[in-house]
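Geometric and topological summary
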Amino acid sequence: MIRPFLTVSMGTLASRLLGFARDAMVAALLGAGPVADAFLLAFQLVNVVRRLLTEGALNNALVPIWLAAKETKGTNAASAFAGRVLGTISMALIAATLAAGLLMPLIIAALAPGFATTTLQLAVNDARLMLPYLAFAGPATVTMALLNAQGRFALTAFAPLFFNGALIAVMVVLLFRRWDEFHAGFGIAATVGVAGLMQLLILILRSRGSHFATPLRVAFDSEMRGFVARAVPGMVAGAGPQLLIVVGAIVASSSSSAVSWLYFANRLIELPLGIVGVAVGAVLVPELARTVHADDQSATIHAQSRGLELATGLALPAALGLIALSEPVVRLLFQHGAFVASDTTGTAQALAWLALALPAQVLTKATSPAFFARGDTVTPLWATLKGLAVTIVVAVMLDRSFGVRGISVAIALGAWSGALSLIRRSLTTFGFSIDAAARHRLPRIVAAALAMGGLLWLAVPFVLSSADPSGPLHLLLVAALIAGGIALYGLFLSLLGVIDWNEAIRAVRRTGV
């Protein structure tokens, strides 16, 4: 699984880095006031629906069924099933987009009960401009899932680059033309749908001739209804991290700029979450589906073990690094133009607490495929709903006294509640187990991450105390701290016997895509 994992990870990393450039421009154009709150709430709404479909969610439900149909009924039957899925989901999303456009005032009012009337109307207008994207997200997601099932990870990993690339190009023009916040928000919102269309067209053109979804038609037969019944819980479960942020934003909507602070902090969380969580889900679900279908217990345990090692080994040091570097990183990426020092402080506080949720979210991404591969999408759904309930209760309790920090704590507690619930259920349902190598390496991975995080925490005040926050030296020092942290972590992994780098390189070279 190493090479496909790296392929998906690199594509996700490139997309997330472009996403940072996009969000830095959004911060510079809109700041963190009412206009930004309205835009980011609307963008978050569209983003959550996109995540319900993409980033492994629909993939989790479709891939096991498609592989089973191909192995038991043949390629033509699998293609016919995929064609019905593609046609039905596309038509359903077009209808849902039209309905959402009509009901948008009610939707935004429910998501942001604390917004003032002007901010509420701005959010409604922005969301309506972004809605066409949802009509393109469905067919794009089905196409990517089918490509993943065939082991063609590169195209699906790099396709999202076109979405962020289109938004960045438009925002560069807006920055040069010096549009005001109000009109810039509308301009960016209108570009979202065009960017989604570009992504879909690239997927269609590059996969043309594959014939893995033919004939294309709309159907509501028993097979399709069964697929939907399994897919919907999986889609909700797969979007758990984003739903936690939405719940937090609902509570935060009564405080000025809090929605924006949560959004920008979460964007930093999504870099490691996307690289690790999405890659683990995209690669692990097809792998586990094959081993479970073949009733190969040894291969199943091996896949589970490697997935858990990769998830822990990348998510834990990332979380500790984000906690240690929260303020300098936020200042470096976002404190430009309309985004001022007080916004940096609020965003950094949210980030430091949200980072505690990252290991739990990645553990969920690593554990859920064991259920999805067995056709069980309901158990991950209940774990997600439990996490949402915990987040709502704790956020309401802490918001008045601690503001955005309290809401961030609530999100972290909700994430851990859902992850632990899923782990407990896996142990009792099918005896989720790992091999001896994983039991040997996991404690050492945790020790290496903690050592790296502790040294980084001690170094940050000394390294950054004399640097001008807006000068090039700050950029160089933050980059040096990040590079030093990565190097230290790699050194600790080697010293503790977790990994042999020469063997890892040889494994990448000899592993097929």
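Residues numbered from 1 in each chain as written. Predicted model: local features only at pLDDT ≥ 70, side-chain atom pairs only at ≥ 80, totals over all residues. Heavy atoms only, no water.

Things to note about the packing of aromatic side chains
Aromatic rings in a pair are described by how distant their centres are and how their planes are angled relative to each other. Counted under the stated rule, the structure contains 8 aromatic pairs. Ring geometry for Y133 versus F163: centroids 5.1 Å apart, planes at 55°, classification tilted. Residue Y133 is found in helix α6 (residues 132–149), and its partner F163 is found in helix α8 (residues 161–177); the two are separated by 30 residues along the sequence. Take Y133: its relative accessible area is 5%, and that puts it in the buried class. Consider the rings of F182 and F186, whose centres lie 4.8 Å apart with planes at 75°: the pair is edge-to-face. Of this pair, F182 and F186 both sit in helix α9 (residues 181–206), 4 residues apart, which is roughly one turn of that helix. One aromatic cluster is present, formed by F39, F43, Y263, F264, F334 and F339 through successive ring pairs. (Phe/Tyr/Trp six-rings, centres within 6.5 Å; stacked < 30°, edge-to-face > 60°. Helix = DSSP H or I, 4+ residues; strand = E, 2+ residues; numbered from the N terminus. Buried < 20%, exposed > 50% of the residue type's maximum accessible area, 1.4 Å probe, protein only.)

So, the pattern of salt bridges
Inspection of the entire model under this criterion finds 5 salt bridges. One salt bridge in this structure joins R267 and D23, with 2.4 Å as the shortest N-O distance. Taken together, the residues R267 in helix α12 (residues 258–293) and D23 in helix α1 (residues 2–30) connect sequence positions 244 residues apart. Look at R267 and you get buried, because its relative accessible area is 5%. According to the relative accessible area criterion, D23 is buried, its value standing at 1%. When the shortest N-O distance is used, the salt bridge between R441 and E309 registers 3.0 Å. With R441 in helix α19 (residues 436–464) and E309 in helix α13 (residues 297–324), this pair connects stretches of sequence that are 132 residues apart. Classification of R441 by relative accessible area gives partly exposed; the value is 22%. Here the salt bridges do not stand alone but share partners, grouping R22, D23, R267 and E270 into one network. (Salt bridge = Lys/Arg side-chain N within 4 Å of Asp/Glu carboxyl O.)

As for the confidence of the model for the protein chain
Predicted confidence across the protein chain gives a mean pLDDT of 82, with 86% of residues reaching 70 or more. Ranking the elements of the protein chain by mean pLDDT puts helix α21 (residues 501–510) last, at 61, and helix α15 (residues 341–354) first, at 92. (pLDDT = per-residue confidence, 0-100.)

Brief notes about helix α4 (residues 75–111)
Taking 1.5 Å of rise per residue, the 37 residues of α4 would be expected to cover 54 Å, yet its terminal C-alpha atoms sit only 44 Å apart, more than 12% below that figure. In α4, a bend of some 70° at L103 exceeds every other bend along the element, and P105, a proline, comes one to four places later. (Expected span 1.5 Å × (residues − 1). Bend = angle between axes of the 7 residues up to and from the residue.)

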